Amino acid sequence: MAIDAYGPADLLTPHELPTPPVGPDTVLVRVRAAGVNPVDWKIRAGHLDGAFPSHFPLVPGWDAAGVVEAVGPAVVGFAVGDEVIGYVRRDDVQHGTYAELVPAPERCLADKPAQASWAQAGGLPLAGLTAYQTLQLARTGAGDTVLVHGASGGVGHLAVQVARALGAGRVIGTASEANHDFVRSLGAEPVAYGDGLADRVRAVAPDGVDVVLDLFGGDALDVSAELITRPARLVSTADPEHVTRLGGTYVFVKPSTADLSVLAGLVDAGRLTVHLAQTFPLAEAAEAQRLVEAGHVRGKVVLTI
């Protein structure tokens, strides 16, 4: 599924394209499932034009789970037939994961967790790496009280579980009232977002919080700055200038075989579960993007191929 120009979801249509090139350190993956993330519709709409060189026809998607079809001559970590997951972010945007075949740099891949379905595995890489890398950057550890904004969403629901796995003593998660039971099931204490958030967090954590993972920017960052004991442990994926002014850190997730392997290990140990909001066949990728673009998704949306 590809686009020939930036624009609305309707432009995402079936294309018959040549088999992608396999470079010396590239793994060609036959995709079984591809996660759908907010960055996908932002790329489709042209919001990242200028941030990455882009080429049309453009296949969106940075998440994949599948089987190795071929390997370049310099690849040493994978062989034909291996089951893999990948955060396939290349240096340009063209050969994405909404496809039967995707060329993935070896550095983007890890072995698929055995205990995950293909759909769960396809939804893990980008959101899981975002959760893990931000919490690691904030030095999340034993006894910490962690505040996760958007705790029922794709990144947020994984961040709650990863924070627990890293030893956090308490996790507080913002979510709508309708998602509070879900957030509790993940191991977090839910609080409603919106006006009065700081008071609601203080009601359950009078001494403030040690770590904040922000996924929204704006007012959520200002509230977070009021609550956190050390601004350096405030991390945001949404608002680089604002979080830097507050003394925190902006994070843009990076491909990492080692980090993906940690996440896969947590899945296989029963400590991390990818909750699927909905799956769509590849041909319905436009509808899947519309759902993600509308927001309020509980867990992950995934394409099956």
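Described below are features of the structure shown in this document. Predicted model, so just to flag it, every value in this text is computed and none were measured. (Residues numbered from 1 in each chain as written. Predicted model: local features only at pLDDT ≥ 70, side-chain atom pairs only at ≥ 80, totals over all residues. Heavy atoms only, no water.)

Reading across the sheet, the six strands line up as β10-β9-β8-β11-β12-β13 and stay open at both edges, with parallel pairing between neighbours. Strands with a single pairing partner mark the edges of an open sheet, and in this sheet they are β10 (189-191) and β13 (249-250). Pairing of strand β9 (residues 170-174) with β10 involves three bridges; the strand directions are parallel. Pairing of Ile-172 across the sheet is with Glu-189, part of β10. (Pairing = 2+ DSSP bridges. Helix = DSSP H or I, 4+ residues; strand = E, 2+ residues; numbered from the N terminus.)

The next point concerns the side chain of Ser-236. With respect to the helices and strands, Ser-236 occurs in strand β12 (residues 234-236). The class for Ser-236 is buried, based on a relative accessible area of 0%. At 3.1 Å, the side chain of Ser-236 and the backbone nitrogen of Ala-238 are in polar contact. In this structure, Ser-236 is in contact with Asp-214, Leu-221, Val-243, Thr-249, Tyr-250 and Val-251, ignoring residues within four places of it in sequence. (Buried < 20%, exposed > 50% of the residue type's maximum accessible area, 1.4 Å probe, protein only. Polar contact = N/O pair within 3.5 Å; in protein donor to acceptor, adjacent residues only side chain to side chain. Contact = heavy atoms within 4.5 Å.)

Right, let's talk about the nonpolar core for a bit. Counting residues in each nonpolar core, the largest one holds 69 residues, and the members touching the most others are Trp-62 and Tyr-98. Counting residues in hydrophobic clusters, the runner-up holds 15 residues, among them Val-191, Leu-197, Val-209 and Val-212. (Core = buried A, V, L, I, M, F, W, Y, C linked by side-chain atoms within 4.5 Å.)

Structural measurements only, silent on function.
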